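Listed here are the chains, written in short residue letters.
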Amino acid sequence: MEWIRPGLAVLVFGALLVGPPAEAQTPEAQVEAGASAEISEIITPTDIYNRIYFLASDALRGRDTPSAGLEAAAAYLVSEHRRMGLEPAGEDGTFYQRFPFQLQGMGGDDTVMSLGQLQMHLGVDFFFMGGSNDPVSGSLAYVSGVEEPADLPDLSGTVAVFSLPGMWSQPLLQEAARQASLAEEAGAHAVIHLLSPDFSEENVQQVADGMAQPRWGLGSDPAFPQVFLTRPAADRGFAGATPSLEEFLATAERGESFHSVVSDVGLQASLAPNIIEQAYPPNVIAKLPGSDPVLRDEYIVLSAHFDHVGVGQPQDGDSIYNGADDNASGTAALLEVARALKALPEAPRRTVVFAHVSAEEKGLLGSEWFVDNPTIPLENAVANINADMVGSDTHADTVVIIGKEYSTLGALVEEVNAGLPELGLVASPDLWPEERLFFRSDQYHFMRKE
């Protein structure tokens, strides 16, 4: 792991984002120099600066997913990896992996839903995510106290019902996603999340209005349908149900296991999403084959997202959100590590994969697609190191290791850093645990596949 030199690229980022671009060495000169030079002499502030300067330039217009600027950034990454002599590791012998991406709204006038004989009203009684091109119907099945799919009965033909406490927030959305995943794996047609009684009509209307705004999502088919139902609507819709809603909610509040099909109440709904546009944005995947005849079949995956949020409301007269730190910095770091490793007299023993993913700003979607549809034997990947926003100059002597406590790499980072005192680097644990950053960048999906 010493060949990665953790923190080296971070140390030089602090002084990068001022002044005009400088001339870089030719690739041939870099490789020739690298044959005898230390990695610290190969990766220079000038080279990092030039990469960030281009990726964060106004010409790329914030690298939104999808956009012409993102395509230009992807073409640059492909060109650079090809010039370095790395091998393509995308689809069909190319550096590219494209994934289906839809711009969709929540639905329109044809959206209807009823519990038993009682009709529910979109934006008042419920809102939804995902959807289905076919009608959604089935018996209801209460579920609580479940952590793993193996703990669930077969829910085929039913609509799973979970209690979802709390107000609209990232933790609530994460819990909703977990519940939906459990329901889908158990064969349910859809999931109903019962909202807290504190979720007011005003809150519901605000969230429903936000959901109705077109947004990009992964895939060419609608995502698994998730219905968010208010407590007053649930009280009306589940009246007379057996077991009662009150019994289920009391059990769920205690955190106890509860599985039961509900009699006397079923769901009938049309939850077709409003598909506005279909696109196929890129990931860029390159690899440096390992030098060890046995270990070269194992993979170290270095990842970074190269998208940002594009063009938006002007800030001080500037409407282009350039994304120099988020995440031209991590993208530049991957390129420089690739160049440095390629310049070594002998490649690392294991194969190193450079996964430049897009749509991170849309919900980690590029990395999700790569992990679920890998272009390498992902079961042979032994580590993932993700570089996201490593260009801050606030703490130029510090690298924050997000997820240090979740991974065996945490102790290794400490060991390597202790062996490189000349860096003067502080390898810090997560400084913002309340932000749950480990679950908010692309390493999450690699962890999910562990």
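Above this text you will find the structure in question.
So, a few notes on the structure that sits alongside this text. (Residues numbered from 1 in each chain as written. Predicted model: local features only at pLDDT ≥ 70, side-chain atom pairs only at ≥ 80, totals over all residues. Heavy atoms only, no water.)

**Some points on the nonpolar core**
Among the nonpolar cores identified, the biggest contains 39 residues, and L86, L302 and F354 are the most heavily contacted of them. At the level of secondary structure, the elements contributing two or more residues to this core comprise helix 3 (39–42), helix 4 (45–55), helix 5 (68–84), strand 14 (282–288), strand 15 (299–305), helix 10 (324–343) and strand 18 (351–357). The element that contributes the greatest number of residues to this core is helix 10, accounting for nine residues. When near neighbours in sequence (up to four residues on either side) are disregarded, L302 contacts L334, V337, V352, V353, F354, A355 and I385. Membership of the second largest hydrophobic core comes to 28 residues, among which are A190, L194, V227 and L271. (Core = buried A, V, L, I, M, F, W, Y, C linked by side-chain atoms within 4.5 Å. Buried < 20%, exposed > 50% of the residue type's maximum accessible area, 1.4 Å probe, protein only. Helix = DSSP H or I, 4+ residues; strand = E, 2+ residues; numbered from the N terminus. Contact = heavy atoms within 4.5 Å.)

**Digging into the packing of aromatic side chains**
Counted by the stated rule, this structure contains 17 aromatic pairs. The interplanar angle of 50° and the centroid separation of 6.1 Å between the aromatic rings of F370 and F446 together place this pair among those described as tilted. Linking F370 in helix 11 (residues 365–372) with F446 in helix 13 (residues 443–448), this pair joins segments that are 76 residues apart in sequence. By relative accessible area, F446 is classed as buried at 13%. An aromatic cluster is present here, built from F127, W168, F199 and F228 joined pairwise through their rings. (Phe/Tyr/Trp six-rings, centres within 6.5 Å; stacked < 30°, edge-to-face > 60°.)

**Observations regarding the environment of R350**
Mapped onto the fold, R350 is located in the loop between helix 10 and strand 18. Remark: the alpha-carbon pair of R350 and Y299, spanning 51 residues in sequence, is separated by 5.9 Å. Residues within four places of R350 in sequence aside, it is in contact with L288, G290, L295, R296, E298, I300 and V382. Of note is the side chain of R350, whose polar atom sits 2.7 Å from the side chain of E298. (Polar contact = N/O pair within 3.5 Å; in protein donor to acceptor, adjacent residues only side chain to side chain.)

**Some words on the pattern of salt bridges**
Close approach of charged atoms allows side chains of opposite charge to pair. A full pass over the atoms with the stated rule returns 15 salt bridges. Residue D64 is joined to K362 by a salt bridge in which the shortest nitrogen-to-oxygen separation is 2.5 Å. Of this pair, D64 sits in the loop between helix 4 and helix 5 while K362 is found in the loop between strand 18 and helix 11, placing the two residues 298 residues apart along the sequence. By relative accessible area, which is 23% here, D64 ends up partly exposed. (Salt bridge = Lys/Arg side-chain N within 4 Å of Asp/Glu carboxyl O.)

**Focus: the pairing of strand 7 (residues 136–144)**
Among the nine residues that make up strand 7, seven are buried, leaving the element largely enclosed by the rest of the structure. Judged from the eight bridges that link them, strand 7 and strand 12 (residues 258–270) form a sheet pairing that is antiparallel. Pairing of V136 across the sheet is with A269, part of strand 12. Bridge count for strand 7 against strand 8 (residues 158–164) is four bridges, and the pairing is parallel. In the strand pairing of strand 8, S139 is matched with T158. (Pairing = 2+ DSSP bridges.)

**Remarks on the packing of helix 4 against helix 5**
Put simply, helix 4 and helix 5 touch, their axes get as near as 11 Å, and they point 150° apart. Between helix 4 and helix 5, the angle falls in the class roughly antiparallel. Every residue of helix 5 that contacts helix 4 at R51, F54 and L55 is listed here: A73, Y76, E80 and M84. (Axes fitted to C-alpha atoms, helices over the stretch in contact; angles between N-to-C directions. Parallel < 35°, antiparallel > 145°, perpendicular 65-115°, else oblique.)

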